[in-house]
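Now for the letters of each chain:
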Amino acid sequence: MTGGIAVYKSCYLVREIRRQGGDVCVVMTDSASEFVSPLTFATLSGNPVLQDMFPESPPENPIHLQPSDWGDILVIAPATANFIGKLANGIADDLASSVCISFSGKVIVAPAMNPRMWDNPAVKDNISILRKRGFEVVGPESGEMAGVNENAGEGRMSEPDKILRQIRESLAVTDDLSGKSVVVTSGPTREPIDPVRFVSNRSSGKMGDAIAKQAALRGANVTLIRGRGAEGEPPAEVKTFVVETAAEMSSAVKEHFTSCNLLVMTAAVSDWSITNPAKSKLKKHVGEPDIQWKQTEDILAWAGQNRTAQAVVGFALETSNHLEGAQKKLKEKNVDMIVLNDPTQSHSSFGGDSTKLTLVANDKAPVELPVCTKKEAANKLFDNISRFLQG
Ligand SMILES: Cc1cc2nc3c(=O)[nH]c(=O)nc-3n(C[C@H](O)[C@H](O)[C@H](O)COP(=O)(O)O)c2cc1C
């Protein structure tokens with residue numbers, strides 16, 4: 001954000017991007033912070049606002065490169081005449097302009113200025129340089145200016161909704177799941193040994209969380225059933241229910257299954273539970289506990305047996321006989337797709353941010369996805385399962 005009165009409109013822009021499932025990091029010029037306080041944007045974005053090129057306690061990584069590493073798109077709204085000039089001429093004399101010059105992704109510029117400034121030939125030339133370099137320029141619009149004494153004309157910043165549409169278009173964000181209810185399970189389950197100990201597994205929940213988030217971004221109404229012990233916070237844009245045991249996971253899935261269009265089961269549900277968990281903490285001196293195991297319910301198979309119009313996708317973690325195992329599971333469990341994941345591969349390790357999945361369905365040859373981030377994998381998964389969604 002740069003120093004024009006239209007910064008106030010960007011409050012709504014930030015809030016709306018977050019409401020629609022995006023993460024926002026706000027970078028402000030000093031002039032921009034004269035109009036709206038950085039505190040407002042820190043609160044609206046849920047992230048610290050970056051303003052200072054040389055903060056008192058510098059972070060480990062160069063601050064001007066951080067948004068470039070992190071962001072999918074850079075939006076300059078409002079863009080002042082001054083800032084547009086700096087962009088066009090490669091000037092990087094503050095944090096905001098240094099961020100822009102180091103950003104390699106798509107850039108949207110939303111100019112906002114008085115009509116006399118917008119008419120200035122230098123501004124016109126600078127804008128055409130930016131267009132030629134592939135920047136997306138949104139607006140400005142004609143109409144009343146913010147100041148009561150200012151003459152109407154061309155120069156006011158486009159409304160946030162128009163900028164949002166451009167962001168969605170530039171990111172190729174589809175809303176193909178709009179009107180659909182999607183239930184996603186993620187994370188590990190925990191089976192108690194006694195009130196303080198449990199048996200669990202290494203699932204981080206990252207894959208399921210990424211799937212839930214991308215479904216929400218594509219317009220779905222998402223319910224995430226998440227095993228306690230999954231890492232970090234669940235995505236803000238989905239309704240999350242936290243469960244502990246395989247039995248709790250099963251009840252929660254059953255409760256939400258009837259009304260959903262799609263169930264994606266990524267959770268690493270324990271195959272066994274302990275029949276005789278102790279009521280009080282087991283004492284060490286008593287010796288090794290006598291633990292009896294019983295098989296837990298196969299939730300995916302239950303969903304396959306009980307589905308009406310729902311599409312069902314299961315994840316299978318196979319360390320050997322990958323394809324064969326997945327194809328068997330697909331038939332036995334009567335589901336639409338099994339997503340195969342081999343955690344012994346370095347790029348697919350537990351808790352990592354990247355993965356390599358293979359999508360196995362009855363109606364097509366297996367689709368091997370490239371190694372990619374879990375977010376990218378989630379999107380590719382949805383590109384491939386929309387055909388199973390009815391109506
Ligand atoms: C009240 C007021 C409103 C302003 N509005 C704008 C504006 O809408 N667009 C613009 O280009 N400059 C506007 N300016 C001038 C910029 O704030 C000034 O050029 C500043 O140097 C821009 O700094 P920045 O590009 O680093 O944010 C305004 C100045 C004031 C005092």
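Each chain carries its own residue numbering, running from 1 in the direction its sequence is written. Only residues with pLDDT of at least 70 are given local features in this predicted model, and only at 80 or more are side-chain atom pairs given and counted; all residues enter the totals for whole chains, interfaces and linings. Side-chain metrics in this entry use all non-hydrogen atoms of the structure; hydrogen atoms and water are not considered.

## Describing the overall build of the protein
Selection rule: Per the convention used, a helix needs a DSSP run of H or I reaching at least four residues, while a strand needs a run of E reaching at least two, with both numbered from the N terminus. For this analysis, residues touch if any pair of their heavy atoms sits within 4.5 Å. His is not counted, nor are the chain ends, whereas Lys and Arg count as positive and Asp and Glu as negative. One atom stands in for each charge, and that atom is NZ of Lys, CZ of Arg, CG of Asp or CD of Glu.
Each helix and strand in the protein was counted, giving 14 helices and 19 strands. For the protein, the spread of C-alpha atoms along the principal axes amounts to about 80 × 55 × 40 Å. Long-range pairs, those at least 24 residues apart, make up 64% of the contacts in the protein with a sequence separation of at least 6. Computed over 42 positive and 47 negative side-chain charges, the separation of the two mean positions in the protein equals 4 Å.

## Overview of the pairing of strand β15 (residues 337-341)
For the record, the criterion: Whether a residue is buried, partly exposed or exposed follows from its accessible area with a 1.4 Å probe, protein chains only, as a fraction of its type maximum: under 20%, in between, or over 50%, in that order. Strand pairing requires that DSSP identify at least two bridges connecting the strands.
Counting buried positions along β15 yields 5 of 5 residues, so the element is predominantly enclosed. Burial of β15 is two-sided: the residues Met337, Val339 and Asn341 facing one way and the residues Ile338 and Leu340 facing the other way are all buried. Across 5 bridges, the pairing between strand β14 (residues 311-317) and β15 is parallel. Looking across to β15, one finds that Ala316 is bridged to Leu340.

## Some remarks on the site of the ligand
Definition in use: Any residue with at least one heavy atom within 4 Å of a molecule or strand is counted as near it. We get accessible surface area from the Shrake-Rupley algorithm with a probe of 1.4 Å; when it comes to residues, only the shown protein chains can shield them. Polar here means any residue other than Ala, Val, Leu, Ile, Met, Phe, Trp, Tyr, Cys and Pro, which are nonpolar, and Asp, Glu, Lys and Arg, which are charged; Gly is therefore polar.
The immediate surroundings of the ligand are formed by 14 residues, with Gly3, Thr29, Thr80, Ala81 and Ala112 found nearest. For the ligand, the accessible surface in isolation is 640 Å², of which the surrounding protein chains cover 62%. Considering each element in turn, the shell around the ligand owes the most residues, 3 residues, to helix α5 (residues 81-88). Among the residues making up the shell around the ligand, the classes are represented as 7 nonpolar, 7 polar and no charged.

## Quick notes on the side chain of Thr80
The residue Thr80 is located in the loop between β1 (73-79) and α5 in this model. With relative accessibility at 11%, the residue Thr80 sits in the buried group. Not counting the four nearest positions on each side in its chain, Thr80 is found in contact with Thr2, Gly3, Gly4, Ala112 and Met113.

## What about the packing of aromatic side chains?
Filter applied, for reference: Aromatic pairing here means that ring centres of Phe, Tyr or Trp (its six-membered ring) are within 6.5 Å. Orientation follows from the plane angle: under 30 degrees is stacked, over 60 is edge-to-face, and everything else is tilted.
Enumeration according to the criterion identifies 1 aromatic pair in this entry. For the pair Phe257 and Trp302, a centre-to-centre distance of 5.4 Å together with 65 degrees between the ring planes defines the contact as edge-to-face. Separated by 45 residues along the polypeptide, Phe257 in helix α11 (residues 246-257) and Trp302 in helix α12 (residues 299-306) bring together distant segments of the chain. For the pair formed by Phe257 and Trp302, the shared burial category is buried.

## Structural notes on the sheet that holds β1
Each strand in a sheet pairs with another by means of backbone hydrogen bonds, the pair being arranged parallel or else antiparallel. Overall, parallel pairing links the 3 strands, which are arranged β1-β2-β3 in an open sheet. Each end of this open sheet is capped by a strand with a single partner; those strands are β1 and β3 (136-137). Judged from the 5 bridges that link them, β1 and strand β2 (residues 106-111) form a sheet pairing that is parallel. Its bridge partner being in β2, Leu74 is matched across the sheet by Val107.

## Topic: the sheet that holds strand β10 (residues 239-243)
Heads up, the rule is: Helix axes use the C-alpha atoms of the stretch in contact, all axes being lines fitted to C-alpha atoms, and the angles between their N-to-C directions lie in the range 0 to 180 degrees.
Pairing is mixed in the open sheet, where 8 strands are placed in the order β10-β9-β6-β11-β14-β15-β17-β18. Of all strands in the sheet, those bounded by a partner on one side alone are β10 and β18 (367-368). Where helix α14 (residues 374-385) meets the sheet, its contacts fall on β11 (262-265), β14, β15, β17 (357-361) and β18, and the angle it forms with β15 comes to roughly 155 degrees.

## Quick notes on a nonpolar patch on the surface
Worth spelling out the cut-off: Residues qualify for a patch when their relative accessible area is over 30% and they have no salt bridge, like charges being joined within 9 Å and the nonpolar side chains of Val, Leu, Ile, Met, Phe, Trp and Tyr within 5 Å. Put simply, a salt bridge is a Lys or Arg side-chain nitrogen that is within 4 Å of an Asp or Glu carboxyl oxygen.
A surface patch of nonpolar side chains, amounting to about 320 Å² of accessible area, comprises Ile5, Tyr8 and Phe35. If you trace the backbone, Ile5 turns up in the segment before α1 (7-19).

## A word on helix α10 (residues 206-217)
Test applied: Each helix should span, by expectation, one fewer than its residue count multiplied by 1.5 Å.
If you check α10, its first and last C-alpha atoms are 16 Å apart, about what 12 residues at 1.5 Å a residue would give, namely 16 Å. Extensive coverage of α10 is indicated by the burial of 11 of its 12 residues. Taken as a whole, α10 has its buried residues at Met207, Gly208, Asp209, Ala210, Ile211, Ala212, Lys213, Gln214, Ala215, Ala216 and Leu217.

## Quick notes on the environment of Ile129
Mapped onto the elements of the fold, Ile129 is located in helix α8 (residues 121-132). When the C-alpha atoms of Ile129 and Ala88 are compared, they prove to be 6.1 Å apart, with 41 residues separating the residues in sequence.

## Considering the packing of α1 against helix α9 (residues 160-170)
Axis angle and axis distance: for two packed helices, these are the angle between their axes and the distance between the axes, and together they describe the pair. Our working definition: Each angle gets one of four labels, with under 35 degrees taken as roughly parallel, over 145 as roughly antiparallel, 65 to 115 as roughly perpendicular, and the rest as oblique. Crossing handedness is defined as follows: a turn of the near helix away from the far one that is anticlockwise and smaller than a right angle gives a left-handed crossing, while the clockwise case is right-handed.
One can describe the packing of α1 onto α9 by two numbers: an axis separation of 9 Å at closest approach and a directional angle of 40 degrees. One element, α1, and the other, α9, form an angle in the oblique class. At the point where α1 passes α9, the crossing takes the right-handed sense. Contacts from Lys9, Tyr12, Leu13, Glu16 and Ile17 in α1 reach Pro160, Asp161, Ile163, Leu164 and Ile167 in α9. Class assignment for the residues of the contact of α1 with α9 results in 7 nonpolar, no polar and 3 charged.

## Some remarks on a negative patch on the surface
Taken together, the side chains of Asp30, Glu34, Asp52 and Glu56 present a region of like negative charge at the surface. Position of Asp52 relative to the elements: it lies in the loop between α3 (38-45) and α4 (66-70).

## Quick look at the domain arrangement of the protein
The following threshold applies: Residue ranges for the domains trace back to a domain assignment, done automatically or taken from a database. As a working definition, buried area equals the accessible area (1.4 Å probe) given up by two parts on being put together, with both sides summed. The definition of a polar contact used here is a pair of N or O atoms within 3.5 Å, where within protein one atom must be able to donate a hydrogen and the other to accept one, and adjacent residues in sequence count solely through side-chain atom pairs.
Parsing the protein into structural domains produces domain 1 (7-170) and domain 2 (181-388). Each of domain 1 and domain 2 has a C-alpha centre, and the two are 40 Å apart. With 7 residues of domain 1 at the contact, the number on the domain 2 side is 4 residues. Roughly 410 Å² of surface becomes buried between domain 1 and domain 2 when both sides are summed, with 27% attributable to carbon and sulfur atoms. Applying the counting rule to domain 1 against domain 2 returns 2 salt bridges. Notably, a salt bridge pairs Asp72 with Lys375, separated by 2.6 Å at the nearest N-O pair. Seen at the junction of domain 1 and domain 2, the total is 4 residue pairs in polar contact (both at pLDDT 80 or more). Residues belonging to the side of domain 1 that touches domain 2 are distributed by class as follows: no nonpolar, 3 polar and 4 charged.

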